[in-house]
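The lines below spell out each chain.
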Number of protein chains: 2
Amino acid sequence: MWKPDRESAVPLYRQIADRLQEMIVHGEYPPGSPLPSERKLAEQFGVNRSTVVLAYAELRSLGLVESRPGSKTQVSSNCNHAASRTPEWHRYAENGGFLPNVPFLRRIRDALAQDTAIIDFASGKLSTDLSPIREINEIMHSCTYHPDNGSDVSQGFPLLREALASFLERNRGIRTSPSSILITSGSQQSLYLISQCLLSPGDAIAVETPSFTRSLSMFQSAGLRIYPLPLDEHGVRPESIRELYSRHRIKMLFVNPNFQNPTGTLLQADRKKLLLDTASELGLPIVEDDPISLTAYNMDYPLPIKAEDASSNTLYIGSFSKIAAAGLRIGWIVAPKSVISRLADARKQMDIGFSVIPQQIAAAFIESPLFMPHLDRLRLQLQLKLNATVAALHEHLNGLVQFSVPQGGLHLWCKIVPTVQDGKFLDEALRRGVAFVPGSVYGAEPGYMRLTYARPQVEEIEEGIKRLAAALLAASE
Amino acid sequence: MWKPDRESAVPLYRQIADRLQEMIVHGEYPPGSPLPSERKLAEQFGVNRSTVVLAYAELRSLGLVESRPGSKTQVSSNCNHAASRTPEWHRYAENGGFLPNVPFLRRIRDALAQDTAIIDFASGKLSTDLSPIREINEIMHSCTYHPDNGSDVSQGFPLLREALASFLERNRGIRTSPSSILITSGSQQSLYLISQCLLSPGDAIAVETPSFTRSLSMFQSAGLRIYPLPLDEHGVRPESIRELYSRHRIKMLFVNPNFQNPTGTLLQADRKKLLLDTASELGLPIVEDDPISLTAYNMDYPLPIKAEDASSNTLYIGSFSKIAAAGLRIGWIVAPKSVISRLADARKQMDIGFSVIPQQIAAAFIESPLFMPHLDRLRLQLQLKLNATVAALHEHLNGLVQFSVPQGGLHLWCKIVPTVQDGKFLDEALRRGVAFVPGSVYGAEPGYMRLTYARPQVEEIEEGIKRLAAALLAASE
């Protein structure tokens, strides 16, 4: 019988909350059903009652359980509105995907918070030294804030939209105008606005699988039915779209064609054409997330789908978070004006806008002579880290993992050859001071992992891979 | 028969869109019903067909009308989900409130955008000269951005929460800790998070009436049923709460007790006690919006309800937008930790956070020796503007308006004595180069107006009031 692990870095109450969440997710405690009393669970798990109280409080704050004074704690009967943080896992299971495993992410996050010496291949972002800190400070110190700079323009600071329009034309082959651009706080907000404004609860969408997990939970909370778009080493497979359309009347496609997160794949040209043609024929909008094309090594920047989309079927989402200062939190949507207008209007209900200061800094950065050299340096550094990671994998995990070397981006997607339990492997890794993300978090089958080689320092990479190898051996026993 | 006014500053297509929106709102074109063809409407209004095309595009972008290829334009059948920008006015009418008039706001916004010489008593914010521009730039130029500064802390930059905790204790009598504070982008986002996370569609809430209009549309879009909490010159009247609770099972109260927007009233002490006692007895959370207490003239800062709430029934919302740099977009919620946690978690689905830079600047500003002198200067300036406004009203509108002089804040709430049509009065005012907001925008009965004396330059105030007087005379004929 399961009991929490007292040796683990994860607090006992968290382990218990995670365990209960998995059971709820798997239907062992269906919606509306009563949960064991605190006293009973404490006995069962061999912990103090206060530990169970904390675990239930955690689940209550997630909206998973509810309790009324004088009655038992029970599983929430209603998880189906925009506020619910927990996706309706059972629906996703109906769709044939694998259940994304959010407790893994929490386990990783807690471990990283507690121990800063962990070698981090998990956090999907750049290491601090790759951020243009000096450049941002230089620009910030020469910026002048003025309230009339356009804080209250709902589409975002006009000079930033102009700078982006030029940037997108020069670097992404997208011809657009400032009025077709909406500034957001990043891809997450862009996707949130699109799901809330252009789709209704109950609508069906198709999302590449495996896929970036945080959007998945958000789609689910928005009440959308998610169907997987299969992927292989050449990117998404568009031939499945037609069937998804006729069977499920999907209303929108979500793709990340260039250096896909988490698989690192690049959508092949003929696939891109088929995708565009199919979507166009069916009148299906494509939402394209394009955050890291500019990290392409040894090749021209891969063009986005948007650049080749003559029929304006594509809503294009980008952001600076992976290629420039994540701390500015600048993202954008490029879409037909009426859509931009609608999204901007809806956003005004959620918040009146964000500070003009980061937008000013971002506009100045894009236009400054500091920007392209920064991108060049970033690309070089990423390539160094990728090479170090690949070399270390060959050295220490030869035959134990399989992978294709990506041509850009931040992530390396590996298939794990021996059979291991994802959770066990993760625990062994964290115990040894290295973090990665199990592929099931992204909806992949068990036995995959994502390594964000961009994150650790280059000199930590070999040691990190060594630790991973030791963990894999321990988990395979 | 109504035709658009070719003399008006408002574009013809906008007038037509507004007109159609009013008719839809009033039920003359019910949901799902067909609208006239573009050609027919163009004939009827004596305009080009392209003008009607633009008007329909405007309504489409608002989600009010829909059209499918090959079939007529019709009124949207589905306006009832979180994405819908248009409130369900007919519901609000059922509740006995007056229909907030959003087309008025658009008319004002368009006029202000087109003519910068308009004397602006409408925009509910400080004039540029009252913003601490010099101080913000000084701080920004000495700040150092670093990615590890906590961009990804979902509750908000830790140093800002610490600075706010001290600030709130010193200035608002609220004892709290950084972990009970959530940084938001302002009151709008704070209210949005609360409605989305702590309430469900169909829930009933009670909101002071008249009230800040932008929150009203947001509540409606969230599917909440809004019941008015009556107000008089001493603030909200808490004796109506009990009845609202037993008849409608209201789940939450929304109040703005100190220098209420738009009426400027201050909640009297015995009312405050009754409000707290009633809410506590019924287990009703109070959401308190407290943006401008620190502008109190000639009196100590009025305490918030939160300071006297021993039973943690109050969710406290504040922001800097009215007392410091609106361009930073910093707001906060103070609430029990489990609530803060829940709101922070839910927000992560909507966006991953906002830039640490404005948060750093705000933290430094609060803690700097520049902050209190700024507030002192602000208070003095506001009082000067208020005095000028009151003097001008006595001089030029004596007997034509009635008002109480507020003891702080930004707004003066006037009852208009002669009978005039709000829309006509507004048009005459805009035509003469002065803007105000008709009270019906806030859900008040016709015949009221809000003058934001904080907004125009002090030397413009008398001229602005003179123009208002001329407009009132013209509209009374």
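Residues numbered from 1 in each chain as written. Chains lettered and ligands numbered in written order. Predicted model: local features only at pLDDT ≥ 70, side-chain atom pairs only at ≥ 80, totals over all residues. Heavy atoms only, no water.

An unreviewed UniProt entry lists chain A under the name PLP-dependent aminotransferase family protein, from Paenibacillus paeoniae. Quoted verbatim from the Sequence similarities (unreviewed entry) heading of the UniProt record, the comment on chain A is "In the C-terminal section; belongs to the class-I pyridoxal-phosphate-dependent aminotransferase family." In its Cofactor (unreviewed entry) section, the UniProt record describing chain A reads: "pyridoxal 5'-phosphate". (UniProt positions renumbered as here; feature names shortened; annotations may be inferred.)

Trainee: Can you walk me through the packing of aromatic side chains in this structure?
Mentor: For any pair of aromatic rings, the description rests on two quantities: the centre-to-centre distance and the angle between the ring planes. Residues and elements named next belong to chain A. For the structure shown, the criterion picks out 22 aromatic pairs over all chains. Where Phe-320 meets Trp-332, the ring centres are 5.0 Å apart and the plane angle is 80 degrees; that geometry is what we call edge-to-face. Remark: Trp-332 occurs in strand E11 (residues 331–334) and Phe-320 occurs in the loop between strand E10 (314–319) and E11; sequence separation between them is twelve residues. Classification of Phe-320 as buried rests on a relative accessible area of 1%. Taken together, the aromatic side chains of Phe-167, Phe-320, Trp-332, Phe-365 and Phe-371 make up a single cluster linked through ring pairs. The ring of Tyr-245 has Arg-249 lying over it, and the distance from NZ or CZ to the ring centre is 5.2 Å. (Phe/Tyr/Trp six-rings, centres within 6.5 Å; stacked < 30°, edge-to-face > 60°. Helix = DSSP H or I, 4+ residues; strand = E, 2+ residues; numbered from the N terminus. Buried < 20%, exposed > 50% of the residue type's maximum accessible area, 1.4 Å probe, protein only. Lys NZ or Arg CZ within 6 Å of the ring centre and 35° of its normal.)

Trainee: What am I meant to see in the relation of the copies chain B and chain A here?
Mentor: Each of the two chain copies can be generated from the other by rotation about an axis followed by a shift along it. Mapping chain B onto chain A leaves a residual RMSD of 0.2 Å; the transformation is a rotation of 180 degrees accompanied by 0.1 Å of translation along its axis. On this basis, the relationship between the two copies can be described by a two-fold rotation axis. Of the C-alpha atoms belonging to chain B, the one lying closest to the rotation axis is found on B:His141, 2.1 Å away. Looking at chain B, 98% of its interface residues are interface residues in chain A too, so the copies touch through the same face. (Least-squares fit on C-alpha atoms with pLDDT ≥ 70 in both. Contact = heavy atoms within 4.5 Å.)

Trainee: What am I meant to see in helix H8 (residues 187–198) of chain B here?
Mentor: An α-helical turn contains 3.6 residues, so a residue and the one three or four places further along point in the same direction. Residue and element names in this part refer to chain B. Taking 1.5 Å of rise per residue, twelve residues should cover 16 Å, and H8 covers 16 Å from first to last C-alpha, within 8% of that figure. Among the twelve residues that make up H8, eleven are buried, leaving the element largely enclosed by the rest of the structure. Within H8 the residues assigned to the buried category are Ser-187, Gln-188, Gln-189, Ser-190, Leu-191, Tyr-192, Leu-193, Ile-194, Ser-195, Gln-196 and Cys-197. (Expected span 1.5 Å × (residues − 1).)

Trainee: Explain the interface of chain B and chain A to me, please; I cannot follow it from the model alone.
Mentor: For interface size, the figure often reported is the accessible area lost on association. Every contact between the two is made by 61 residues of chain B and, on the other side, 61 residues of chain A. Between chain B and chain A, roughly 5000 Å² of surface is buried when both sides are summed, and carbon and sulfur atoms account for 54% of that area. At the junction of chain B and chain A, the tally comes to zero salt bridges. At the junction of chain B with chain A, the criterion picks out 13 residue pairs in polar contact (both at pLDDT 80 or more). When residues of the side of chain B that touches chain A are traced back to their parent elements, those giving at least two are helix H3 (49–61), helix H6 (133–142), H8, helix H9 (213–221), helix H12 (337–350) and helix H13 (356–367) of chain B. (Buried area = accessible area lost by both parts, 1.4 Å probe. Salt bridge = Lys/Arg side-chain N within 4 Å of Asp/Glu carboxyl O. Polar contact = N/O pair within 3.5 Å; in protein donor to acceptor, adjacent residues only side chain to side chain.)

Trainee: What should I look at first to understand empty space enclosed by the protein in this one?
Mentor: Empty space among the atoms can be located by rolling a probe the size of a water molecule over them. The full count for this structure, using the stated rule, is ten cavities of 30 Å³ or more. The space that makes up the largest cavity amounts to roughly 120 Å³. Lining the largest cavity are 16 residues, and of these A:Phe354, A:Ser355, A:Pro358, B:Phe354 and B:Ser355 lie nearest its centre. For the lining of the largest cavity, the secondary-structure elements that each account for two or more residues are helix H13 (356–367) of chain A together with H13 of chain B. Class assignment of the residues belonging to the lining of the largest cavity gives a composition of eight nonpolar, six polar and two charged. (1 Å grid on protein atoms, 1.4 Å probe; cavity = no way out; pocket = protein on both sides within 12 Å on 5 of 7 lines; lining within 4 Å. Points joined across faces, edges and corners; volume = space filled by probe spheres on them. Nonpolar A, V, L, I, M, F, W, Y, C, P; charged D, E, K, R; others polar.)

Trainee: Is there a simple way to think about the environment of B:Gln188 in this case?
Mentor: Along the polypeptide, B:Gln188 turns up in helix H8. Distance in space between the C-alpha atoms of B:Gln188 and B:Leu378 is 23 Å, their sequence separation being 190 residues. With residues near it in sequence (within four places) discarded, B:Gln188 still touches A:Lys348, A:Gln349, A:Met350, A:Asp351, A:Ile352, B:Phe212, B:Arg214, B:Ser215 and B:Met218.

Trainee: Please clarify how the packing of helix H12 (residues 337–350) of chain A against H8(B) should be interpreted in this entry.
Mentor: For any two helices packed against each other, one specifies the crossing angle of their axes together with the interaxial distance. Contact geometry for H12(A) and H8(B): axes closest at 7 Å, N-to-C directions at 85 degrees. Considered as vectors, H12(A) and H8(B) are oriented roughly perpendicular to each other. Facing H12(A), whose interface residues are A:Lys348, A:Gln349 and A:Met350, H8(B) presents B:Gln188, B:Gln189 and B:Tyr192. (Axes fitted to C-alpha atoms, helices over the stretch in contact; angles between N-to-C directions. Parallel < 35°, antiparallel > 145°, perpendicular 65-115°, else oblique.)

Trainee: What is the right way to look at the domain arrangement of chain A in this model?
Mentor: Residue and element names in this part refer to chain A. According to the domain assignment, chain A contains domain 1 (12–94), domain 2 (103–130 + 373–475) and domain 3 (145–368). Just the C-alpha atoms count here: the centres of domain 2 and domain 3 sit 26 Å apart. The interface of domain 2 with domain 3 comprises 23 residues on the first partner and 24 residues on the second. Ranking the residues of domain 2 by area buried against domain 3 places Arg-379, Gln-407 and Tyr-442 at the top, with a combined share of 30%. Counting across the domain 2 and domain 3 interface gives zero salt bridges. (Domains from an automatic or database assignment.)

Trainee: Explain the packing of helix H5 (residues 102–114) of chain A against helix H15 (residues 422–431) of chain A to me, please; I cannot follow it from the model alone.
Mentor: Residues and elements named next belong to chain A. Following both chains from N to C, one finds H5 and H15 inclined at 5 degrees, their axes separated by 11 Å at the closest point. Taken together, the axes of H5 and H15 are roughly parallel relative to one another. The residues of H15 that touch H5, namely those facing Phe-104, Arg-107, Ile-108 and Ala-111, are Asp-422, Gly-423, Leu-426, Asp-427 and Leu-430.

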